Amino acid sequence: MKLTRIAYSKNLNAGKRGQLEEQAKLLGRVRSLVWQRYGSVAGVRVSDRATRDEWMADGTADTFGVLANAWKETVRDAVADIKANREAAKVPVRKAIHRHYKTDEERKAAYVALKRDTWADDPFLRRLMRKHWKRGRNHTNNQIVVRSDQYRTYHLAEGGNVWLAVPSLIRRKTVTIPLNTTVAPCGTLRIILREGLAEVHYAVDAPDLRESRPCGDAKLGVDKGYTEVLTDSDGNHHGRNLGGLLRTESDYLKATNARRAKIRSMAEKAHKAGDAAKADRIKANNLGMVKRNRRRARFESRVRTTTFTAVHAVVDKAAQVVAEDLTRPFVSRKKLRKNTNRRLAAWTKGVTAEALTSVSERRGSALSLVNAAYTSQVAPCCRILGKRQRDRLHCTQCGVVWQADHAAAVNILKRDGDSGITLWTRHDRVKELLQERIDRRRTRLPVQDSSPRGRRAKYPINAQQ
Ligand SMILES: [Zn+2]
């Protein structure tokens, strides 16, 4: 397994930073061109090598204004980004193949076509890929990729910090970057320029990544919540400060976004009235991204810490964790963009999915994903569809009141090994199946005591708030 290390520049002067920024900007144009030409079906089976040869031959390369090695590495990097983007789109398509084709041979042929990128010849696959693979655009204008044989590292004094010499825009001239570390970076470098700072990203082998902390021995189901990261099937909540973090950030964003919109309209008004200087001043001083990005980074790292801590707490107990497939989109992207709360919630779902995968892998526990349809509506005690009231689930048969997240976690645990409801069973079909099971049990069992009113609602162990 590879691990990314980051070294930072230390006291990089403005002249050098300017040179690097200029180069990154020119390379950004190369990236944009790659995305524009090959970011869709047209580029599916085109290799970066073919692109490079073509651009060398037809003179496109001469317009870039950067050295050959720099743009070639950038093409390779951008093609890899496009491929990753395309692979992500294949996840929902794979599920659709399972539903669409009925025989194993047909399914297999379709999976192979998807994998080998020959899906464009199959009308069904082509239609689906077009639906799920949204055309991307390049937004990266601050990166330089440097191959391992194109830079050198050195020390000015023994035991001192490392210096990095990378190619400039002029042949045989380098830009030297002082780093904040005594460890020299190695392999291919990705230099990312941020507010007055250069980050040097590189990959190292991580044989020591496997954690020594062992996992537990229980089998647990977990449900993803909004006020907490996870609730497990024992009824314990993990990462309870998530709700507070999300609420604070969402309130803050709503307020500042409204204010920014107002300021933006002032800038536009000034621009229309011919006062370009005022418009520019407002844009530079009141609509900047520096503080905004810094705050976002801080918030994200807090959520990640909370999430990973919560998942570690679950794995402390469990050798097998059963969870919902959290990578499935549940609301369209368009809707997400408009609603801050939902957008943040969707993002935390992704973080939880990542934490579950990576912590399980590192600590040696197994992760099973199941279909979570209706799991928060079934009362585990009597296996009927209960009555949901806010975060409570009432069993209408025996009168037990469940904490809805706890009930969901118990049901998710039971879904593992449920031969009727698989990961790909449709939502409406799950409800039918549940109803069939309830009916079957009713006809088999003797008539139940039909006066649940006489019983007091009681909480199952651990379900109290
Ligand atoms: Zn019950």
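Further up the page is the structure itself.
All figures in this text were calculated on a predicted structure; none of them were measured in a lab.

Enquirer: What am I meant to see in the coordination of the zinc ion here?
Expert: By definition of the ideal shapes, a tetrahedral metal site with four donors has angles of 109.5 degrees and an octahedral site with six donors has angles of 90 or 180 degrees. Protein coordination at the zinc ion comes from C381 (SG), C382 (SG), C395 (SG) and C398 (SG), with a distance range of 2.2 to 2.3 Å. For the zinc ion, the 4 donor atoms are set out with angles of 105 to 124° between them, so the coordination reads as tetrahedral. Taken in sequence order, the residues that donate to the zinc ion follow the motif C-C-x12-C-x2-C. Of this pair, C381 sits in the loop between strand 13 (378-379) and strand 14 (384-385) while C395 sits in the loop between strand 16 (392-394) and strand 17 (401-403), and the two are 14 residues apart along the sequence. On the basis of relative accessibility, which here comes to 4%, the residue C395 falls in the buried class.

Enquirer: How should I be thinking about the sheet that holds strand 3 (residues 152-155) in this particular structure?
Expert: Strands pair in a sheet through their backbones, by hydrogen bonds, and they do so in one of two ways: parallel or antiparallel. Within the open sheet, the 3 strands sit side by side as 3-4-5. Their pairing is antiparallel. With one partner strand each, in any of the chains shown, strand 3 and strand 5 (174-178) form the two edges of the open sheet. Recorded for the sheet is a direction-independent mean angle of 25° between the axes of neighbouring strands. Examined bridge by bridge, strand 4 (residues 162-167) and strand 5 share 5 bridges and lie antiparallel to one another. Within the sheet, the bridge partner assigned to P167 lies in strand 5 and is T174. Packing of helix 1 (residues 14-38) onto the sheet brings it into contact with strand 4 and strand 5, and relative to strand 5 it is tilted by some 120°.

Enquirer: I tried to follow the packing of helix 1 against helix 3 (residues 68-100) on my own but got confused; where do I start?
Expert: For the pair helix 1 and helix 3, interaxial distance at closest approach is 9 Å and the crossing angle is 45°. On the basis of their axis angle, the class for helix 1 and helix 3 is oblique. Considering how the two elements wind past one another, helix 1 and helix 3 form a crossing that is right-handed. Between helix 1 and helix 3, the contacting residues are Q23, L27, V30, R31, V34, W35 and Y38 on the first element and A70, W71, T74, V75, D77, A78, V79, D81, I82 and N85 on the second. Considered class by class, the residues forming the contact of helix 1 with helix 3 number 11 nonpolar, 3 polar and 3 charged.

Enquirer: Explanation requested: the packing of aromatic side chains in the structure shown.
Expert: Two aromatic rings are characterised by how far apart their centres lie and by the angle between their planes. Here the structure, examined in full by the defined rule, presents 7 aromatic pairs. Between the aromatic rings of F64 and W71, the centroid separation amounts to 5.3 Å while the plane-to-plane angle is 65°, which identifies the pairing as edge-to-face. Neither F64 nor W71 differs from the other in exposure class; each is buried. Ring centres 5.9 Å apart and planes at 35° place the aromatic pair F299 and W347 in the tilted group. Residue F299 is located in helix 8 (residues 290-317), and its partner W347 is located in helix 10 (residues 340-363); the two are separated by 48 residues in the primary sequence. A residue is classified by how much of its surface remains accessible, and W347, at 23% relative accessible area, is partly exposed. Three or more aromatic residues joined by ring pairs form one cluster here, namely Y38, W55, F64 and W71. Above the face of the Y252 ring, R295 is positioned so that its terminal group lies 3.4 Å from the ring centre. Taking NZ or CZ as reference, R296 lies 5.3 Å from the ring centre of W347, over its face.

Enquirer: Please clarify how the nonpolar core should be interpreted in this entry.
Expert: Proteins that are soluble and globular tend to have nonpolar side chains buried together. Core analysis: the largest hydrophobic core is formed by 52 residues, its most contacted members being W55, W71, V166 and I191. At 10 residues, helix 3 tops the list of elements feeding residues into this core. Non-local contacts of I191, meaning those with residues more than four positions away in its chain, are made with N142, Q143, I144, V146, V166, I177, A198, E199 and V200. Formed by 23 residues, the second largest nonpolar core is a distinct cluster that contains V311, V315, V321 and L326.

Definitions and cut-offs
- Residues numbered from 1 in each chain as written.
- Predicted model: local features only at pLDDT ≥ 70, side-chain atom pairs only at ≥ 80, totals over all residues.
- Heavy atoms only, no water.
- Donors = N, O, S within 2.8 Å, 3.2 Å for Na, K, Ca; no water.
- Tetrahedral: all angles 85-135°; square planar, octahedral: opposite > 155°, others 65-115°.
- Helix = DSSP H or I, 4+ residues; strand = E, 2+ residues; numbered from the N terminus.
- Buried < 20%, exposed > 50% of the residue type's maximum accessible area, 1.4 Å probe, protein only.
- Pairing = 2+ DSSP bridges.
- Axes fitted to C-alpha atoms, helices over the stretch in contact; angles between N-to-C directions.
- Contact = heavy atoms within 4.5 Å.
- Parallel < 35°, antiparallel > 145°, perpendicular 65-115°, else oblique.
- Left-handed = near helix turned anticlockwise from the far one by under 90°.
- Nonpolar A, V, L, I, M, F, W, Y, C, P; charged D, E, K, R; others polar.
- Phe/Tyr/Trp six-rings, centres within 6.5 Å; stacked < 30°, edge-to-face > 60°.
- Lys NZ or Arg CZ within 6 Å of the ring centre and 35° of its normal.
- Core = buried A, V, L, I, M, F, W, Y, C linked by side-chain atoms within 4.5 Å.

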